[in-house]
Amino acid sequence: MTHPRILVLGTGGTIAGAGAHATGAAYRPGGLGLEVLIAHLDALGLAAELVPEDIARIGSQDIGWAEWQVLHAACTRALADPAITGVIITHGTDTAEETGFLLDLTLPTTKPIVLVGAMRPADAVGADGMRNFVNAVKVVGDPAAAGRGVMLVMGDAVLAARDARKAATAQIDAFRSFPRGPLARVTPSSLDWFGPPHRAGEAARYAFPAELPRVGILTAGAGMDEKPVAALLGIGCVGLVLAGMGQGNAPARVIKTLARAAANGVPVVRSTRVDEGLVDRNVEVDDDGLGLVAARALGPAKARVLLMVLIANGVTDAAAVQAAFDG
Ligand code: GLU
């Protein structure tokens, strides 16, 4: 059997980070090029051919439109290249959920595309990056990996990009999956899928945007007033995401101002500042009457990504936006 040929796109993050000291806390994410990682992997004798392409060497807090365009184009080329089995993207963990979800929304599911990161720098004692990367190679090389959308491999788990979120700042198993649990457990020597591919043969759900519209996130706080809504609209936001309390709540005057924005054609999605849980329609807020959208399972960061993609694709009507969030 020939080995899988895997395109490896490097963007930086802790997996490519190094510190001054193996037991110290301080380090710089993204300092190491892919060649360092690949050299270490070569020594492991993996049954895979890795094709490295450095995209960036940055912490993922700085990842944005420029890198997303390059990543999308590179993934599109890899999907069209019969010699490539799939793609691994090394990425900082801070925004892995945003990059992963954006690509998930805008690429077909025909080949596995996997984001991988690390919580500990490459030269720290107990570093997790190499294990996560070897796990990612195992996933991409598996014939059952296609048809599941973009995935994230961290902490011996395979998560769907739509469900994944960073839920801890420092521990190794920092990612959680909601509302679905992990798609698989993976180790360097085993891979157990918990179900068949659920998106086999799916085309890209949305066209990759020609540019990203400005969508703001407003975090609700007790005692706040409505002025931040006006401020966000004032800087040109064409969509708003509320990181609300509980089931996407906010003080009445804030909800009223958001409803006025919705009536003026600015789609408004109610998400939650709570770490996990659904935001459903018409629970405490009259979404039907106010023209608002409930984010359902998507937290504020991913709700913003979806709303940006929708607006860029001309989807701004509240019912159509709601259907996309329900999906
Ligand atoms: N903030 C950096 C980043 O997201 C480091 C965090 C990490 O990769 O775990 O790239």
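Right, let's walk through the structure included here. Since the structure is predicted, the reported quantities are computational estimates derived from the model, not experimental observations.

This structure, assessed with the given rule, holds 1 aromatic pair. The interplanar angle of 10 degrees and the centroid separation of 5.5 Å between the aromatic rings of Trp65 and Phe208 together place this pair among those described as stacked. Taken together, the positions of Trp65 in helix α2 (residues 65-80) and Phe208 in the loop between β12 (190-193) and β13 (215-219) put the pair 143 residues apart, joining distant regions of the chain. The ring of Trp193 has Arg148 lying over it, and the distance from NZ or CZ to the ring centre is 3.8 Å.

Near the ligand, the surroundings consist of Gly13, Thr14, Tyr27, Pro29, Gly59, Ser60, Gln61, Gly92, Thr93, Asp94 and Ala118. Take Thr14: an N or O atom from its side chain is 2.8 Å from an oxygen atom of the ligand. One nitrogen or oxygen atom from the main chain of Ala118 is found 3.0 Å from an oxygen atom belonging to the ligand. Bound to the protein, the ligand loses 93% of the 280 Å² it would expose on its own. In terms of residue class, the shell around the ligand is made up of 3 nonpolar, 7 polar and 1 charged.

Let us now look at the pattern of salt bridges. By the definition in use, this model includes 17 salt bridges. The closest approach of N and O atoms between Asp275 and Arg165, which form a salt bridge, is 2.9 Å. In this pair, Asp275 is assigned in the loop between β15 (268-272) and α7 (287-290) and Arg165 in strand β9 (residues 164-166), connecting sequence segments 110 residues apart. Between Arg281 and Asp288 there is a salt bridge; the shortest N-O distance is 2.7 Å.

This brings us to the sheet that holds strand β6 (residues 113-116). Ordered in space as β4-β1-β5-β6-β7-β8-β11-β12, the 8 strands form an open sheet in which the pairing is mixed. In this open sheet, the two edge strands, each paired with only one partner strand, are β4 (49-58) and β12. Strand after strand, the sheet turns through a mean of 25 degrees between neighbouring axes, direction not considered. Both strand β5 (residues 86-90) and β6 contribute to a ladder of 4 bridges, which runs parallel. If you follow Ile89 over to β6, its bridge partner there is Leu115. In the packing of helix α4 (residues 129-140) onto the sheet, contacts are made with β1 (5-12), β4, β5, β6, β7 (151-154), β8 (157-160), β11 (184-187) and β12, and the angle to β5 comes to roughly 165 degrees.

Okay, helix α8 (residues 300-312) next. The first and last C-alpha atoms of α8 sit 18 Å apart over 13 residues, in line with the 18 Å expected at 1.5 Å per residue. Counting buried positions along α8 gives 11 out of 13 residues, so the element sits mostly inside the fold. When we look at burial in α8, the residues that qualify are Pro300, Ala301, Lys302, Ala303, Val305, Leu306, Leu307, Met308, Val309, Leu310 and Ile311. Looking at the buried residues of α8, the elements they touch are α3 (96-106), β9, β13, β14 (239-244), β15 and α9 (318-326). Residue Gly314 follows α8 closely and has a positive phi angle near 80 degrees.

Quick notes on the rules
Residues numbered from 1 in each chain as written. Predicted model: local features only at pLDDT ≥ 70, side-chain atom pairs only at ≥ 80, totals over all residues. Heavy atoms only, no water. Phe/Tyr/Trp six-rings, centres within 6.5 Å; stacked < 30°, edge-to-face > 60°. Helix = DSSP H or I, 4+ residues; strand = E, 2+ residues; numbered from the N terminus. Lys NZ or Arg CZ within 6 Å of the ring centre and 35° of its normal. Near = heavy atom within 4 Å. Polar contact = N/O pair within 3.5 Å; in protein donor to acceptor, adjacent residues only side chain to side chain. Areas by Shrake-Rupley, 256 points an atom, 1.4 Å probe, with all protein chains shown as cover. Nonpolar A, V, L, I, M, F, W, Y, C, P; charged D, E, K, R; others polar. Salt bridge = Lys/Arg side-chain N within 4 Å of Asp/Glu carboxyl O. Pairing = 2+ DSSP bridges. Axes fitted to C-alpha atoms, helices over the stretch in contact; angles between N-to-C directions. Contact = heavy atoms within 4.5 Å. Expected span 1.5 Å × (residues − 1). Buried < 20%, exposed > 50% of the residue type's maximum accessible area, 1.4 Å probe, protein only.

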